[in-house]
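Chain by chain, the residues:
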Amino acid sequence: MYPYLDIVLRSVSVYFFMVIALRIFGKKELSQLNASDIVLILLISNAVQNAMVGSDVSLEGGIIAAFSLFFINYIFKKVMLKSKFVKNLIQEKPEILIHDGKIDFKTVSKLGITSDELDEVIREHGVENYKFVKLAMLEINGNISIISGNENLFQTKHKRIHKTLS
């Protein structure tokens, strides 16, 4: 096989493995990482490097691997925009955490959100108690949106900061 085609195929395979692994382990967003998440990402990148480029440690090999990842990511996002099936398969759905002052404990527990995290998010949005929350949603990008029943408060968003990859 051609060595650069081999790098492309290996890189694309690793990309799809990572997409599937992140979907299975339930990570909604990688923009807010704690220390264990950062260590895991660094170790994963080191572990899959050789799987992508094999014995080729040249500049060209690295550039081809990186280009392959950028390209497949671009194509994958386009496919997700066009195909509802693929989008539903990969992207998680928004989840209602609180509705009209009532916490959905089953959903909160399933998502691994602690009561302390939920209380913190509510306070960060300027709401005193969950009973005053009209709607709290865990969005598909990992943000928690809060809409209070108070007309004087605005809708706000909170980035999840404690969710880990496992």
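These lines cover the structure that appears in this document, whether it is placed above or below. (Residues numbered from 1 in each chain as written. Predicted model: local features only at pLDDT ≥ 70, side-chain atom pairs only at ≥ 80, totals over all residues. Heavy atoms only, no water.)

Notes on the pairing of strand E4 (residues 143-148)
Moving residue by residue along a regular strand, the side chains alternate between the two faces of the sheet.
Thinking step 1. Of all six residues making up E4, five are buried, and the element is well covered by its neighbours.
Thinking step 2. Across five bridges, strand E3 (residues 133-138) lies against E4 in antiparallel orientation. Along E4, the bridge assignment pairs leucine 135 with isoleucine 147.
Thinking step 3. Count of turn residues in the E3/E4 antiparallel hairpin: four residues, of which glycine 142 carries a positive phi of about 95 degrees. (Buried < 20%, exposed > 50% of the residue type's maximum accessible area, 1.4 Å probe, protein only. Helix = DSSP H or I, 4+ residues; strand = E, 2+ residues; numbered from the N terminus. Pairing = 2+ DSSP bridges.)

Considerations on the packing of aromatic side chains
Thinking step 1. Tallying each qualifying case throughout the model produces four aromatic pairs.
Thinking step 2. Taken together, a centroid distance of 5.5 Å and an interplanar angle of 80 degrees make the contact between tyrosine 15 and phenylalanine 16 edge-to-face.
Thinking step 3. The class of phenylalanine 16 is partly exposed, set by a relative accessible area of 31%.
Thinking step 4. Judged by centre distance (6.0 Å) and plane angle (15 degrees), the rings of phenylalanine 67 and phenylalanine 71 are stacked. Here phenylalanine 67 and its partner phenylalanine 71 are both found in helix H3 (residues 59-82), four residues apart, which amounts to about one turn of the helix.
Thinking step 5. Here phenylalanine 67 falls in the exposed class, since its relative accessible area comes to 56%.
Thinking step 6. With a relative accessible area of 45%, phenylalanine 71 lands in the partly exposed category.
Thinking step 7. Three or more aromatic residues joined by ring pairs make a cluster, and in this case those are Tyr15, Phe16 and Phe76. (Phe/Tyr/Trp six-rings, centres within 6.5 Å; stacked < 30°, edge-to-face > 60°.)

In short, shape yes, function no, at least from these values alone.
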